[in-house]
Amino acid sequence: MSEALDPWPVLPVILILIMRYLPSGRPYPKSDQQWDNMVAALESEHYDRIYEIRIFSMTNSRWERLLAAMQKPFPELTHLRLSVSQLVSVLPDSFLGGSAPRLQTLWFHGIPFPSISKLLLSANGLIKLSLLDIPDSGFFSPDSMGTALTVMTRLESLEIRLRSPRFFPGPPSPPPHTRFVLPALTRLTFHDFHEYVEDLLAQIDAPLVENLDITFSIDPNFDVPQLHGLIGHAEAFKTFNHAEVVISRYSIRLDLYPKTGAVYHHQLFRLDIWCRELDRQLSSLAQVCSSSFFPLISALEELKIVYYLSPDSDRKDDMENAQWLELLDPFTALKNLYLPNDIALHVFSALLELSTERVTEVLPALQNIFIHPGQLLEGSRKAVKIFVAKRRRAGRPLSVHCQSESRSWNGITEDLVAGD
């Protein structure tokens, strides 16, 4: 490797290797040679020219050789991405010589590094930090991570997922007396939200956050005042007026975003709740939406409900109409509601159970209902007709639209109320 690099001018070196394996577990024939070349570059006298390292799906044996080659500083290293395919030994304090002053991107998947905060304290130019699927052997406390984050004034993106979220080797720390500001942070992602993240958020003030991705699972606890505080202080979220609820086989997801024609929303709040039963999905999300600490819901003007379920699914969705009312009740500013035909009957059956007084209290600002795809199913048509008539008599008329084969919206309100 040294002979290959010697004739070249002093240019940055980028090392990229994705390990691929045969069904037997053996590496592809060329992988061994590629791996040897990669490690040779790390071991060569030209290591100080290495600008970026990306190595994915390492096995334990290869991991040990990599560790031996990276027990020294890499002064030009700017981007580091490492992942392993099995449980490996922990990174020692001497990894990268204990210092990475030029590091801008750090992405670890499955990498145990309990003393990572010491390295991060030297990486004050870090822009993106992702620590994913971290095993128990790599646990780092919220306090130590918080201390490391205090120097990261350029950090824009933070993502954390611990493999065992409720693993605490010691008693929880008392809340900090003061918070520190992450002035550049715009994106936060926490997989499997739990008390660890609450302890970390208690130390952080991130006023510019505009993209927040949260996942709840393993007996979710929605008593999360630090998360609510973060949401309440983020100015970007106050402009959100659109919501999408996505119901799938394994989870229910809530997306909030500003009105825009873009497919990808740069500004986004996403909350995922992982559970299979629809009644649990609805009750969990209703609990979040009705929380007094979650004021975003009451400002939303458009809600789209999407229902994804494969035709061969064996899932049986037992739900009570009251659960739909609990979910929809907090949407007091909602003007447009989009419903899939699959669940329109359930939603309108729930609305029909409202008393005369409550007809105008639930979704009081509602003006339009859009049902897709195709024409209303017979049972849904009858339920929608009765509800539309009740709203008219209460002085809160609304329009109903169905999506045609050309994906345009056809108004059917007058057809529904004809003869009433």
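No experiment lies behind these values; they were computed from the predicted model shown. (Residues numbered from 1 in each chain as written. Predicted model: local features only at pLDDT ≥ 70, side-chain atom pairs only at ≥ 80, totals over all residues. Heavy atoms only, no water.)

1. Here's the deal with the overall build of the protein
Moving on, step 1. Counting its secondary structure elements, the protein contains 12 helices and 18 strands.
Moving on, step 2. With 420 residues in all, the protein has 51% of them scored as buried.
Moving on, step 3. At a minimum sequence separation of 6, the contacts of the protein that also span at least 24 residues come to 72%.
Moving on, step 4. A total of about 19,600 Å² of accessible surface is found on the protein, and carbon and sulfur atoms cover 52% of it. (Helix = DSSP H or I, 4+ residues; strand = E, 2+ residues; numbered from the N terminus. Buried < 20%, exposed > 50% of the residue type's maximum accessible area, 1.4 Å probe, protein only. Contact = heavy atoms within 4.5 Å. Areas by Shrake-Rupley, 256 points an atom, 1.4 Å probe, with all protein chains shown as cover.)

2. Quick notes on the nonpolar core
Generally speaking, soluble globular proteins have nonpolar side chains that are buried together.
Moving on, step 1. In this structure, Leu80, Phe108, Leu129, Met145 and Leu149 are the most contacted members of the largest nonpolar core, which totals 124 residues.
Moving on, step 2. Excluding residues within four positions of it along the chain, Phe108 makes contact with Leu80, Leu82, Leu91, Phe95, Phe113, Ile116, Ser130, Leu131 and Leu132. (Core = buried A, V, L, I, M, F, W, Y, C linked by side-chain atoms within 4.5 Å.)

3. Topic: the packing of aromatic side chains
Moving on, step 1. This structure, assessed with the given rule, holds 10 aromatic pairs.
Moving on, step 2. Ring centres of Phe56 and Trp107 lie 5.7 Å apart, and the angle between their planes is 75 degrees; this geometry places the pair in the edge-to-face category. Placement of Phe56 in strand 2 (residues 50-58) and of Trp107 in strand 4 (residues 105-109) is noted, with a sequence separation of 51 residues between them. A single burial state applies to Phe56 and to Trp107, both of which are buried.
Moving on, step 3. Residues Phe139 and Tyr196 carry aromatic rings whose centres are separated by 5.9 Å and whose planes lie at 75 degrees to one another, so their mutual orientation is edge-to-face. Of this pair, Phe139 sits in the loop between strand 5 (128-134) and helix 5 (142-149) while Tyr196 is found in helix 6 (residues 195-201), placing the two residues 57 residues apart along the sequence.
Moving on, step 4. When its relative accessible area of 13% is taken as the criterion, Phe139 is described as buried.
Moving on, step 5. By relative accessible area, which is 1% here, Tyr196 ends up buried.
Moving on, step 6. Connected via pairs of aromatic rings, a cluster forms that spans Phe139, Phe140 and Tyr196.
Moving on, step 7. Directly above the ring of Tyr47 sits Lys72, whose terminal nitrogen or CZ lies 4.9 Å from the centroid. (Phe/Tyr/Trp six-rings, centres within 6.5 Å; stacked < 30°, edge-to-face > 60°. Lys NZ or Arg CZ within 6 Å of the ring centre and 35° of its normal.)

4. Details of the pairing of strand 17 (residues 399-403)
Moving on, step 1. Summarising burial for strand 17: four of the five residues are buried, a large majority.
Moving on, step 2. Note that strand 16 (residues 368-372) and strand 17 share four bridges and pair parallel. Bridging from a neighbouring strand, Ile369 pairs with Val400 of strand 17. (Pairing = 2+ DSSP bridges.)

5. Focus: the confidence of the model for the protein
Moving on, step 1. Here the protein shows a mean pLDDT of 83. Residues at 70 or above account for 80%.
Moving on, step 2. Mean pLDDT values over the elements of the protein span from 52, in helix 1 (residues 2-5), up to 97, in strand 4. (pLDDT = per-residue confidence, 0-100.)

6. Here we look at unusual backbone geometry
Moving on, step 1. Phi at Asp133 is positive, roughly 50 degrees, even though this residue is not glycine.
Moving on, step 2. In this structure, Leu363 takes a positive phi of about 50 degrees despite not being glycine.
Moving on, step 3. Here Leu363 shows up in the loop between helix 10 (341-352) and strand 16.

7. Let's talk about the packing of helix 8 (residues 278-289) against helix 9 (residues 321-328)
Moving on, step 1. Their axes nearest at 8 Å, the elements helix 8 and helix 9 cross at an angle of 25 degrees. One way to sum up the angle between helix 8 and helix 9 is to call them roughly parallel. The hand of the helix 8/helix 9 crossing is left-handed. On helix 9, the residues that touch Asp279, Leu282, Ser283, Leu285, Ala286 and Cys289 of helix 8 are Gln323, Trp324, Glu326 and Leu327.
Moving on, step 2. Here the contact of helix 8 with helix 9 is composed, by residue class, of six nonpolar, two polar and two charged. (Axes fitted to C-alpha atoms, helices over the stretch in contact; angles between N-to-C directions. Parallel < 35°, antiparallel > 145°, perpendicular 65-115°, else oblique. Left-handed = near helix turned anticlockwise from the far one by under 90°. Nonpolar A, V, L, I, M, F, W, Y, C, P; charged D, E, K, R; others polar.)

8. Digging into the side chain of Ser251
Moving on, step 1. Following the sequence through the fold, Ser251 ends up in strand 12 (residues 251-257).
Moving on, step 2. If we ignore the near neighbours within four places in the chain, the residues touching Ser251 are Val246, Asp272, Ile273, Trp274, Cys275 and Gln281.

9. Description of helix 9
Moving on, step 1. For helix 9, the tally of buried residues reaches six of eight residues, placing the bulk of the element in the interior.
Moving on, step 2. All of the buried residues in helix 9 are Asn321, Gln323, Trp324, Leu325, Leu327 and Leu328.
Moving on, step 3. Residues of helix 9 that are buried sit in contact with strand 11 (242-247), helix 8, strand 14 (302-307) and helix 10.

10. Describing the environment of His228
Moving on, step 1. With respect to the helices and strands, the residue His228 is situated in helix 7 (residues 225-233).
Moving on, step 2. Between the alpha carbons of His228 and Pro295 there is a distance of 9.1 Å; along the sequence they are 67 residues apart.

11. A closer look at the pairing of strand 2
Remember that side chains alternate between the two faces of the sheet whenever the strand is regular.
Moving on, step 1. In the sheet, strand 2 pairs with strand 3 (residues 79-84) via five bridges, with the strands oriented parallel. By the bridge assignment for strand 3, Ile53 is matched with Leu80.
Moving on, step 2. Read from strand 2 through helix 3 (residues 60-69) to strand 3, the crossover connection turns out right-handed. (Right-handed = clockwise from strand over helix to strand, strands pointing away.)

12. Thoughts on the environment of Ile247
Moving on, step 1. One can find Ile247 in strand 11.
Moving on, step 2. With relative accessibility at 1%, the residue Ile247 sits in the buried group.
Moving on, step 3. The spatial distance from the C-alpha of Ile247 to the C-alpha of Val306 is 6.1 Å, given a sequence separation of 59 residues.

13. Notes on helix 7
Moving on, step 1. Looking only at helix 7, the buried set comprises Leu227, His228, Leu230 and Ile231. Down the axis of helix 7, the buried side of the element spans an arc of 160 degrees, and every buried residue falls inside it. (Arc of directions from axis to C-beta.)

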